[in-house]
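Breakdown of the fold
What follows is each chain in one-letter form.
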Amino acid sequence: MSTTASPFELLRTLLGDAGADAPDESLVELRDELSRFTLEYRCAMDEVATKIDILRRDFELTHDYSPIEHVKTRLKTLESLAEKVRRIDCPPELPIVREQVRDIAGIRVTCAFVEDTYQVAAMLTRQPDVELIETEDYIESPKANGYQSLHLIVEVPVYLSDRTIQVPVEVQIRTIAMDFWASVEHRIYYKYAGAVPADLVESLREVALTAADLDRQMGRMRDEVESLRRP
């Protein structure tokens with residue numbers, strides 16, 4: 001979708017046929033409703049990001065080590081949300097969008113070791129106000145292209161002035177090696193507009209396997225060092 005599309009054009013895309021002939025006055029109200037909608041996700045994303053930052057700081061203080069290397073947050077743009085609504089054939093109604101699109105708010109956590117990804121997931125999801133909705137373990141069962149990561153959908157309460165709502169946030173937890181691979185793969189697919197040559201796809205898969213092997217080797221080295229530190 002063109003980045004020059006007006007807010008009203010984007011709203012009409014989200015609303016489908018219902019918004020095609022809607023007057024601008026009605027779209028103003030819908031725009032405000034969408035602003036409240038995105039605010040809820042931004043607040044939920046900030047809430048989870050704060051939880052992760054507290055875990056990182058506490059772990060550094062108590063263990064002199066942090067399993068968390070980097071944290072990035074991402075809130076889908078209106079353009080990206082409209083494109084996904086079309087792609088998955090989701091009815092363009094905000095209550096249904098809320099139900100079917102679970103990655104409007106996203107957080108990526110990068111760890112040094114594979115074991116750390118599971119530790120971070122456990123620390124986050126055992127908090128009483130964090131509800132684990134879904135887990136996709138692409139470390140235990142990598143994708144066909146070799147991608148490995150731990151994906152969680154969690155829900156947290158967002159306290160608004162007039163109500164409290166549960167809002168989903170996608171949390172991706174992966175190693176530094178796999179994060180680097182995923183970043184390069186994303187750039188390649190963007191450059192080729194998704195039509196990546198078969199030989200390059202195979203090369204990416206082989207590099208992903210190499211990154212996974214590196215993670216295993218680094219994990220073994222860490223275990224060996226840790227064993228030497230034990231009395």
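Residues numbered from 1 in each chain as written. Predicted model: local features only at pLDDT ≥ 70, side-chain atom pairs only at ≥ 80, totals over all residues. Heavy atoms only, no water.

**Considerations on unusual backbone geometry**
The phi angle at Asp89 is positive, at roughly 55 degrees, despite the residue not being glycine. Of note, Asp89 is situated in the loop between α4 (78–87) and α5 (94–100). Note on Asp89: relative accessible area 67%, which makes it exposed. (Helix = DSSP H or I, 4+ residues; strand = E, 2+ residues; numbered from the N terminus. Buried < 20%, exposed > 50% of the residue type's maximum accessible area, 1.4 Å probe, protein only.)

**Some remarks on the pairing of strand β2 (residues 105–111)**
Where burial is concerned, most of β2 is hidden: 6 out of the 7 residues are buried. Sheet analysis places strand β1 (residues 70–75) next to β2, joined by 6 bridges and oriented antiparallel. Of the residues in β2, the one forming a bridge with Leu75 is Ala105. As paired strands, β2 and strand β5 (residues 164–175) are joined by 6 bridges and run parallel to one another. Residue pairing across strands places Arg108 opposite Gln172, the latter belonging to β5. (Pairing = 2+ DSSP bridges.)

**A few points about the pattern of salt bridges**
Scanning the entire structure with this criterion turns up 18 salt bridges. In this structure, the salt-bridge partner of Glu170 is Arg74, at a minimum N-O distance of 4.0 Å. Here the residue Glu170 occupies a position in strand β5, and Arg74 occupies one in strand β1, the gap between them amounting to 96 residues. Asp103 serves as the salt-bridge partner of Lys84, at 3.0 Å between the closest nitrogen and oxygen. Taken as a pair, Lys84 in helix α4 and Asp103 in the loop between α5 and β2 lie far apart in primary sequence, 19 residues in all. Each member of the pair, Lys84 as well as Asp103, carries the same accessibility label: buried. (Salt bridge = Lys/Arg side-chain N within 4 Å of Asp/Glu carboxyl O.)

Read these as spatial facts, not as claims about activity.
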